[in-house]
Amino acid sequence: MRKYLLSTSALASVALLSTAAVADVSISGEAEFDYSSRDHSISTADGNMMSSVQEVHIGFTSKTDSGLTISAVNQFNTVGGGSDDVSFSVAGGFGKLVFGATDGAAGTYEMNPLGLLQEEDAGTLNDGITTAAQAAGTTASISTSTGGGETNGSSKVSYHLPAIGGLTAGVSMSTQGTTAGTDDNTQFGMNYALTAGGAAVTLGYSSGTKEVADVADTDITSMGIKVVHGNISIAAADGQYTANDEDRSTQSAAISYNMGNGLVVGYGTVQSEDDLDVGEEYTANHYEAAYTIASGLTAVVNVSDFDYKVATATHENGSTAVNMNGTTTSLTIKAAF
């Protein structure tokens with residue numbers, strides 16, 4: 001009898017703890033396999049390649065007696081072995097507080113038209129350097145989209161205001177994970193949604209500033225518009241990036257059309273230039289068709305071409321820099337679980 005009572009008491013305790021600690025648990029995942037053929041003016045970036053990625057997402061949500069909603073997000077890349085998004089949040093009538101390594105306000109509210117596409121390729125920008133000794137620090141410094149508001153991927157704290165009509169906004173603060181006083185990062189973003197002529201219109205603005213020791217701070221701003229009318233979505237944005245020896249201006253636009261029967265086609269274009277390095281320019285065009293084979297299973301065909309012109313024939317480390325261009329054709333199979 002005593003053994004039975006102990007067993008039932010243990011079971012009751014476990015059940016009580018489970019109910020109190022976890023109100024809702026969700027487990028999902030996604031996987032991608034990509035085959036791409038690259039036609040590149042630089043021989044080391046020319047050829048065919050295959051790649052794959054897989055993620056597991058685990059979420060927890062509970063509600064307190066006072067009505068607060070507490071949630072935790074855990075996203076892991078099971079191929080690379082790293083974490084993609086690990087954070088928790090507290091939400092209520094006051095708005096929402098988010099803590100951890102996740103998108104800040106700039107990444108949440110930024111306008112990036114290429115988000116209408118799924119698998120665009122920006123091109124391999126490596127200044128044409130082929131040897132390991134020369135390659136150090138020679139990645140081309142140009143923006144390939146009006147996104148990229150995340151000037152710092154470290155842990156941060158964000159506050160998002162409760163929606164006021166069509167207005168949503170937030171602010172974030174973070175550091176690079178050190179005790180230095182010159183690595184602080186602040187971000188701000190806002191969206192305003194309205195309806196005009198039967199179309200859903202979203203206006204967006206975001207900015208981010210990262211302090212950098214002994215040189216100019218890194219500043220990023222983005223503003224744009226997205227219009228959705230029936231099966232057509234259109235977006236355009238302007239982005240600015242300033243840093244030590246960098247003053248980039250980038251414009252992008254994209255359109256997607258849901259043709260029905262699971263087929264969505266899209267096109268996006270980007271143009272970027274650096275005003276401090278006269279002559280440094282990047283342009284790209286992305287063409288895409290995505291077909292839903294079945295629920296949770298999608299095939300995406302993308303063709304991306306780019307052209308990059310360097311500012312000078314000599315790189316900062318003294319090695320030779322060259323103009324480059326190329327086209328990437330890819331087939332991606334995506335599965336969601």
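In this report, the structure presented in the accompanying data block is examined.

Reading the values: rules and limits
Residues numbered from 1 in each chain as written. Predicted model: local features only at pLDDT ≥ 70, side-chain atom pairs only at ≥ 80, totals over all residues. Heavy atoms only, no water. Helix = DSSP H or I, 4+ residues; strand = E, 2+ residues; numbered from the N terminus. Contact = heavy atoms within 4.5 Å. Buried < 20%, exposed > 50% of the residue type's maximum accessible area, 1.4 Å probe, protein only. Polar contact = N/O pair within 3.5 Å; in protein donor to acceptor, adjacent residues only side chain to side chain. Phe/Tyr/Trp six-rings, centres within 6.5 Å; stacked < 30°, edge-to-face > 60°. Pairing = 2+ DSSP bridges.

When helices and strands are tallied, the protein chain shows three helices and 16 strands. A separation of at least 24 residues holds for 52% of the contacts in the protein chain among residues at least 6 apart in sequence.

Attention shifts here to the environment of Ser172. Along the chain, Ser172 falls in strand β7 (residues 167-174). Overall, Ser172 belongs to the buried group, its relative accessible area being 1%. At 2.7 Å, the side chain of Ser172 and the backbone nitrogen of Ala105 are in polar contact. Here the side chain of Ser172 touches Ser158 through a polar contact of 2.6 Å, side chain to side chain.

Attention now goes to the packing of aromatic side chains. Applying the stated criterion to the full structure yields three aromatic pairs. Between the aromatic rings of Tyr267 and Tyr287, the centroid separation amounts to 5.2 Å while the plane-to-plane angle is 40°, which identifies the pairing as tilted. Taken as a pair, Tyr267 in strand β13 (residues 263-274) and Tyr287 in strand β14 (residues 281-294) lie far apart in primary sequence, 20 residues in all.

Two elements, strand β3 (residues 69-77) and strand β4 (residues 83-92), share eight bridges in a ladder whose sense is antiparallel. Each bridged residue has a counterpart across the sheet, and for Phe76 the counterpart in β4 is Ser83. Two successive antiparallel strands, β3 and β4, enclose a turn made up of five residues, where Gly81 displays a positive phi of approximately 85°. Strand direction decides the pairing type here: β4 and strand β5 (residues 95-101), joined by seven bridges, are antiparallel. From the neighbouring strand, Phe88 faces β5, where its bridge partner is Phe99. Counting the residues in the hairpin turn of β4 and β5 gives two residues.

Attention shifts here to the side chain of Ser89. Among the secondary structure elements, Ser89 is positioned in strand β4. Accessibility expressed as a relative area gives 8% for Ser89, which makes it buried.

Attention now goes to unusual backbone geometry. Residues other than glycine seldom take positive phi values, yet Asp245 does so here, at roughly 60°. Within the secondary structure layout, Asp245 lies in the loop between β11 (232-243) and β12 (246-260). The partly exposed category is assigned to Asp245, whose relative accessible area is 36%. Positive phi, close to 55°, is recorded for Asn261, a residue that is not glycine. Along the chain, the position of Asn261 falls in the loop between β12 and β13. Taking relative accessible area as the criterion, Asn261 reaches 77% and is therefore assigned exposed.

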